[in-house]
Number of protein chains: 2
Amino acid sequence: MTGTETATRSRVVVIGSGFGGLFGTRALKRADVEVTLIAETAHHLFQPLLYQMATGILSSGEIAPPTRELLSRQRNATVLLGEVTAIDLTARTVTSEVLGRATVTPYDFLLVAAGSTQSYFGRDEFADFAPGMKTVDDALELRGRIFGAFELAELAALRGEDVDDLLTFVVVGAGPTGVEMAGQIAELAQHTLQRDFRAINTRTAKIIVVDAADQVLPPFGPELGAKTATALTKLGIDVRLGARVVDLDARSITVEYSDGRRDRVPAVTKVWAAGVQASPLTKTLAEQSGATLDRSGRIAVQPDLTLPGHPEVFVVGDMIDLDHLPGVAQVAIQGGRYAADQIRRRVRGREPQRRFEYHDKGSMATISRFRAVAVIGKLRLTGFVAWLLWLFVHLLYIAGFKSRVTTLLRWFITFLSRGRSERTTTEQQVFGRMAMERLAGGVAELVSTEDSDHPPAAEDGSV
Amino acid sequence: MTGTETATRSRVVVIGSGFGGLFGTRALKRADVEVTLIAETAHHLFQPLLYQMATGILSSGEIAPPTRELLSRQRNATVLLGEVTAIDLTARTVTSEVLGRATVTPYDFLLVAAGSTQSYFGRDEFADFAPGMKTVDDALELRGRIFGAFELAELAALRGEDVDDLLTFVVVGAGPTGVEMAGQIAELAQHTLQRDFRAINTRTAKIIVVDAADQVLPPFGPELGAKTATALTKLGIDVRLGARVVDLDARSITVEYSDGRRDRVPAVTKVWAAGVQASPLTKTLAEQSGATLDRSGRIAVQPDLTLPGHPEVFVVGDMIDLDHLPGVAQVAIQGGRYAADQIRRRVRGREPQRRFEYHDKGSMATISRFRAVAVIGKLRLTGFVAWLLWLFVHLLYIAGFKSRVTTLLRWFITFLSRGRSERTTTEQQVFGRMAMERLAGGVAELVSTEDSDHPPAAEDGSV
């Protein structure tokens, strides 16, 4: 099966349609190779804007364009939908499955860019109560939970019941995603939703950010971290640092501070924006190549991003343990392009480049509308200037795909009117069958267990 | 419990956030009443554009704005999320439930506008294999199935397998929704998706419309029906009239023609755009008031839309059996407004109007881009002129809510570029757990049963 030489062109298999996989594939456009991109979802996901989908600003189509469409004009690329279940480094094949049916794809070069999943630091049971922020489904689930919490609070208030835990939102993780989510939930509670309810005052909602670290946005340095923390506090967000999550259930979250003190916060809606875990594919790669894995499951690759003893296998992005690279889109994009370049050189019989060098283009995070923080080299920006830069960079990226005029326009409308045009939730989310199973008696139990104590509100009337 | 007279203002309960419920509530804006709108979903659904969501043109937010937002400035209206489980005409209360918890709301006036659900004419098991076109979830499910069928066909073709049934789409029902769906699927197969796949030619997809009636678009009359049928045929759509669906499963649909001949068509994707059934709430209303129900579950109301013996209870829209009114948005809108007007008059002690009179503003349906058919009074329009009219009327309606510039822009982009910006599907749909349960071994079985015969495509390579 190894190297069936029917095709004259080298066969490149790319695993993953994220930043690494997509940009790696695109960089092979003019190379004399046949590329097969294998991915679990039919779309590329622009993950840095997932929080905007979760909070009703953007639609799924705006941050998750179909991979096929993005590659439709690249004739040497084929998209294969499927979950990769096995990689055989000796036979040089990748096995992928859809609906239980397997496809085996042989390769001459392999680019593994399967990214990372949410990590609950060994407490996977937390996932039911605090969804992560990694997929379109996560964002829809969180959209359903966030808007659903206000709906449930209104119903409870109409019955004269306490709504504190329903109107408390805890974001775990004070990195860019956590900061952005907290800022947007504050915006919803304080502005967008304030006229929509009759029995609750959405402005009384509590938004709490907890992180085990002792600063906000650690990669941005202490100065910007402190400024961001102040900005969040001014938005009414309760920032709790040095606070480790020790327990989570449907109704509450318990944190432990560095001094050992514990605090149980009643809160129905929790968002998990903390750690990540490399795709489990690193395990099979490590077993077969002898490369080591770090605590987060990231694999130690060679300086040229290949596996030890396998110069034909590249691993990029969130999956690799190399030079303490951060888990950001640029590392994956540059890694994918570098790997593509190496493959192109080798196919042409040229000398490969020596090693992968990451060029830090800076980091940024939005705090609220018109406010952001950014680090570019030694430059540190905050406030409106940083926000303009954020807007510019994201528009540039999105425009790179196709003219996403609707996204631009939607942002324009959102920033000016504070409106949220994508608030629609589906049955499958919070109020649906599936979420019911998933919450395993969580919110459902929360609103129904007290039935015996509180008879229906007929007597006092509910309006 | 009846008439707890704590409130000095009359209490109006509205059931349903569709056209009847929403427009009825809005018409009570300046009335001296307290309105409670009870609905199962948090959004108003602009159902005539659901087919655009199913085929990737519009996002859920664009056709399903939050009811709360639409009513946020109407201070006398409260939105209550919940499924109505009981109406007590004697006690004058409505019981609604969320997550198993009941709320009882007393009323002085009741406006029932709960609409209709899809009818499978007693064959509810068909629903698993041919989703209807009534809800946001239906549209997402169909979006997942339609784009998913092309994905599965590509996978099958890469394995060298037959893809005929995967590339056959059957729309049941040749009314406006059926015609619009068929036209859009044809557009997808023939234009939008044609460059996206490598192993299949999407232009070979078969699109079939079946209807037991002997013409397309019966309410538009035989002349426009024939013109529409010709237009559909020119688009490559196979129109089969006088064809009754007698069986459906995961892989096929069987129709019986008027001459008794039967035809089993292999087709994985089926869309049910045929009959409707009034909300089951008509049953309890009929039992308590003595009003009769017709075959579709619609209730016989008085000429003033009230229940016999209950001048305080109005029923509007798809739920009523009166003067052979069609099941269109305008009947519900005008009914809701009429009922609101009656309530306002009575609250002020004025004489009620005599009877509800429906003013037919015409009907229209799009066939493909730039082509539509329309009937306005005696005027019959086809082609580009009818399409412009369609565009104008829909923009006018959508603009009525708020400036939905993004929708306008998205249409503009769609019409000019044939692009589809909302193709994203979620895990919960076709490729997810839930759909798996729902299809009960349908598509899953389809692609996996032959595993034993066809070993994984390793030997021949799949690329």
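Residues numbered from 1 in each chain as written. Chains lettered and ligands numbered in written order. Predicted model: local features only at pLDDT ≥ 70, side-chain atom pairs only at ≥ 80, totals over all residues. Heavy atoms only, no water.

Draft legend 1. Molecular detail of the overall build of chain A. Each helix and strand in chain A was counted, giving 13 helices and 23 strands. For chain A, with 463 residues in total, the buried portion stands at 60%. For chain A, the share of sequence-separated contacts (at least 6 apart) that also reach a separation of at least 24 residues comes to 63%. As presented, chain A carries roughly 18,100 Å² of accessible surface, and 51% of it is formed by carbon and sulfur atoms. (Helix = DSSP H or I, 4+ residues; strand = E, 2+ residues; numbered from the N terminus. Buried < 20%, exposed > 50% of the residue type's maximum accessible area, 1.4 Å probe, protein only. Contact = heavy atoms within 4.5 Å. Areas by Shrake-Rupley, 256 points an atom, 1.4 Å probe, with all protein chains shown as cover.)

Draft legend 2. Structural context of a positive patch on the surface. The grouping of Lys29, Arg30, Arg73 and Arg75 of chain A together with Arg195 of chain B at the surface amounts to a positive patch. Summarising the element assignment, arginine 75 of chain A is placed in the loop between helix H4 (67-70) and strand S3 (77-81). (Patch = residues over 30% accessible without salt bridge, like charges linked within 9 Å, V, L, I, M, F, W, Y side chains within 5 Å. Salt bridge = Lys/Arg side-chain N within 4 Å of Asp/Glu carboxyl O. Lys, Arg positive; Asp, Glu negative; His and termini not counted. Charge placed at Lys NZ, Arg CZ, Asp CG, Glu CD.)

Draft legend 3. Spotlight on the sheet that holds strand S2 (residues 33-39) of chain B. Residue and element names in this part refer to chain B. If you walk across this open sheet you meet the six strands as S3-S2-S1-S7-S19-S18, and the pairing is mixed. The open sheet has two edge strands with one neighbour each: strand S3 (77-81) and strand S18 (306-307). Direction of pairing for strand S7 (residues 109-112) relative to strand S19 (residues 310-315): parallel, over a ladder of three bridges. Across the sheet, the residue bridging to leucine 110 is valine 313, located in S19. (Pairing = 2+ DSSP bridges.)

Draft legend 4. Examining the pattern of salt bridges more closely. Counting across every chain of the model gives 36 salt bridges over all chains. Here arginine 261 of chain B ties to aspartate 259 of chain B by a salt bridge, and the two come within 3.6 Å at their closest N and O atoms. Judged by its relative accessible area of 47%, arginine 261 of chain B is partly exposed. When its relative accessible area of 57% is taken as the criterion, aspartate 259 of chain B is described as exposed. Beyond isolated ion pairs, a larger network of salt bridges with shared partners links Arg9, Asp32 and Glu34 of chain A.

Draft legend 5. Molecular detail of the sheet that holds strand S22 (residues 371-376) of chain B. All names here are of chain B. With antiparallel pairing, three strands are arranged side by side in an open sheet as S21-S22-S23. The strands lining the two open edges of the sheet, one partner per strand, are strand S21 (363-368) and strand S23 (379-382). Put simply, the sheet's adjacent strands are angled 5° from each other on average, direction ignored. In this structure, S21 lies alongside S22, joined through five bridges in antiparallel fashion. Bridged to threonine 366 within S22 is alanine 372. (Axes fitted to C-alpha atoms, helices over the stretch in contact; angles between N-to-C directions.)

Draft legend 6. Quick peek at the pairing of strand S12 (residues 243-248) of chain A. Residues and elements named next belong to chain A. Sheet topology places S12 next to strand S13 (residues 252-257); five bridges connect them, and they run antiparallel. Its bridge partner being in S13, aspartate 247 is matched across the sheet by threonine 254. Here S12 folds back onto S13 in antiparallel fashion, the turn holding three residues.

Draft legend 7. Highlighting the packing of helix H5 (residues 136-158) of chain A against helix H6 (residues 176-192) of chain A. Residue and element names in this part refer to chain A. Across the interface, H5 lies against H6 with an axial gap of 12 Å and an inter-helix angle of 35°. Between H5 and H6 lies a crossing of right-handed hand. Between H5 and H6, the contacting residues are Ile146, Phe147 and Phe150 on the first element and Met181, Ile185, Leu188 and Ala189 on the second. When grouped by side-chain class, the residues that make up the contact of H5 with H6 number seven nonpolar, no polar and no charged. (Left-handed = near helix turned anticlockwise from the far one by under 90°. Nonpolar A, V, L, I, M, F, W, Y, C, P; charged D, E, K, R; others polar.)

Draft legend 8. The arrangement of the environment of aspartate 88 of chain A in detail. Residue and element names in this part refer to chain A. As for its placement among the helices and strands, aspartate 88 is situated in strand S4 (residues 83-88). Through-space distance from the C-alpha of aspartate 88 to that of threonine 284 is 8.6 Å; in sequence the pair is 196 residues apart. Discounting chain neighbours no more than four positions away, the residues touching aspartate 88 are Thr93, Tyr107 and Gln288. Separated by 3.0 Å, the side chain of aspartate 88 and the backbone nitrogen of threonine 90 make a polar contact. (Polar contact = N/O pair within 3.5 Å; in protein donor to acceptor, adjacent residues only side chain to side chain.)

Draft legend 9. Layout of the packing of aromatic side chains. With the rule as written, the count across this model stands at 20 aromatic pairs over all chains. The interplanar angle of 85° and the centroid separation of 5.0 Å between the aromatic rings of phenylalanine 370 of chain A and tryptophan 387 of chain A together place this pair among those described as edge-to-face. Of the two residues, phenylalanine 370 of chain A sits in the loop between strand S21 (363-368) and strand S22 (371-376) while tryptophan 387 of chain A sits in helix H10 (residues 383-401), which places them 17 residues apart along the sequence. Under the relative-accessibility criterion, phenylalanine 370 of chain A is labelled partly exposed at 28%. A ring pair is formed by phenylalanine 150 of chain B and phenylalanine 197 of chain B, whose centres lie 6.1 Å apart and whose planes are at 35°; its orientation type is tilted. (Phe/Tyr/Trp six-rings, centres within 6.5 Å; stacked < 30°, edge-to-face > 60°.)

Draft legend 10. Quick peek at unusual backbone geometry. Although it is not a glycine, leucine 305 of chain A sits at a positive phi angle of roughly 70°. In this fold, leucine 305 of chain A is placed in the loop between strand S17 (299-300) and strand S18 (306-307). Phi at leucine 217 of chain B is positive, roughly 45°, even though this residue is not glycine. Along the chain, leucine 217 of chain B turns up in the loop between strand S10 (206-210) and helix H7 (221-234).

Draft legend 11. Expanded view of the packing of helix H1 (residues 19-26) of chain A against helix H9 (residues 329-347) of chain A. Residues and elements named next belong to chain A. Between H1 and H9, the shortest axis-to-axis distance is 7 Å and the interhelical angle comes to 35°. H9 is crossed by H1, and the crossing has right-handed handedness. Taking contact as the criterion, the partners of Phe19, Gly20, Phe23 and Gly24 in H1 are, on H9, Ala329, Ala332, Ile333, Gly336, Arg337 and Ala340. Each residue belonging to the contact of H1 with H9 can be placed in one class, and the counts come to six nonpolar, three polar and one charged.

Draft legend 12. Structural context of the environment of arginine 264 of chain B. Residues and elements named next belong to chain B. Structurally, arginine 264 can be placed in strand S14 (residues 262-266). Judged by relative accessible area, which is 49%, arginine 264 ranks as partly exposed. Considering only alpha carbons, one finds arginine 264 and leucine 248, 16 residues apart in sequence, at a separation of 9.1 Å. Apart from residues lying up to four places away in sequence, arginine 264 is in contact with Asp249, Ser252, Ile253 and Thr254.

Draft legend 13. Spatial organisation of the pairing of strand S7 (residues 109-112) of chain A. Residues and elements named next belong to chain A. Residue alternation in S7 divides its side chains into two sets, Phe109 and Leu111 and Leu110 and Val112, and both sets are buried. Relative to S7, strand S1 (residues 10-15) is paired through four bridges, and the arrangement is parallel. The partner of isoleucine 15 across the bridge, within S7, is valine 112.

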